[in-house]
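Listed below, chain by chain, are the residues.
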Amino acid sequence: MVRSTIVVRASDALPLAASVDDEQTEQALQEHKQQAKLIFRRITPNAEPRCSIESGPYTLHYLISDNVIYLVIADKSYPRKLAFSYLDELSKEFATSYGAKVEAVRKPYAFVGFDTFMGKTARLYQDTRTASAAGSNLDKLNDELQDVTRIMTKNMEELLWRGDSLDRMSHLSTSLRSESEKYRKAARNINIQAMLRQYAPIGAVIFIVIILLWWRFS
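Worth saying up front: this structure is predicted, and the values here are computed from it rather than measured. (Residues numbered from 1 in each chain as written. Predicted model: local features only at pLDDT ≥ 70, side-chain atom pairs only at ≥ 80, totals over all residues. Heavy atoms only, no water.)

*Asks:* Sorry, what's going on with the overall build of the chain here?
*Replies:* Regarding its fold elements, the chain presents eight helices and six strands. The order of α-helices and β-strands along the chain, N terminus first, is β-β-α-α-β-β-β-α-α-α-α-β-α-α. Classification of the 218 residues of the chain by burial places 37% in the buried group. Here the analysis covers contacts within the chain between residues at least 6 apart in sequence; of these, 64% occur between residues at least 24 apart. Here the chain displays about 13,400 Å² of accessible surface, and carbon together with sulfur accounts for 56% of that area. (Helix = DSSP H or I, 4+ residues; strand = E, 2+ residues; numbered from the N terminus. Buried < 20%, exposed > 50% of the residue type's maximum accessible area, 1.4 Å probe, protein only. Contact = heavy atoms within 4.5 Å. Areas by Shrake-Rupley, 256 points an atom, 1.4 Å probe, with all protein chains shown as cover.)

*Asks:* How should I be thinking about the environment of Ser4 in this particular structure?
*Replies:* For Ser4, the location among the structural elements is in strand β1 (residues 2-9). Looking at Ser4, the relative accessible area reads 1%, which means it is buried. Once residues within four sequence positions are removed from consideration, Ser4 is found in contact with Ser19, Asp21, Leu29, Lys33, Leu71, Val72 and Ile73. A polar side-chain atom of Ser4 sits 3.4 Å from a polar atom in the side chain of Ser19. (Polar contact = N/O pair within 3.5 Å; in protein donor to acceptor, adjacent residues only side chain to side chain.)

*Asks:* Explain the environment of Ser77 here, please?
*Replies:* The residue Ser77 is located in the loop between β5 (68-75) and α3 (80-98) in this model. Looking at Ser77, the relative accessible area reads 67%, which means it is exposed. Separated by 19 residues in the primary sequence, Ser77 and Tyr58 have C-alpha atoms spaced 8.0 Å apart.

*Asks:* Hey, could you run me through helix α2 (residues 30-42) in this one?
*Replies:* Side chains that are three or four residues apart share a direction in an α-helix, a result of its 3.6 residues per turn. Helix length check: α2, at 13 residues, gives a terminal C-alpha distance of 19 Å against a target of 18 Å (1.5 Å per residue), a fit within 8%. Of the positions making up α2, those classed as buried are His32, Lys33, Gln35, Ala36, Leu38, Ile39 and Phe40. (Expected span 1.5 Å × (residues − 1).)

Here you go:
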């Protein structure tokens, strides 16, 4: 389920808009909204444009587009593809309505009126069944999204205590290490298969000779 949404300017983390949350949601997400502020401070020009950060029972998904960060706090069980479909929908509408004004604003929450659209869209994505049914009415956004398996996933603990990075190069380094390990395993398997192909005929001949000798002298 979509719980809360925040829109900020990427260059200085100035809040531009936010969803209107009830008191119960506000209390439940107080810590996670503080974590969202940490994420905004960690984002640099080299940051991954899409990322999912797991934190307890929730996951914070963010999308960066045209110097604007769109972040949603959703249940951990909520499908990542739907979360980014929701953020894509917000980014397109926000760019159309306020994109030209983003760089000029100085006061926080200058686009508070955007909460109406966020609330309406969040209701469509409130649970997986509603979101899936609404997919065809939202220009099939799910089909347009990139492969979510390529979106970087982090753990909040890594960001808080290990000083982990959201930068692309950090993610690329991890990916390269992973790919390198895959290639090493693949090469090892190929070598084993080559050895089997090379020595299997010899082994078969020796086995046949042993059987013949045993049959002859038994």
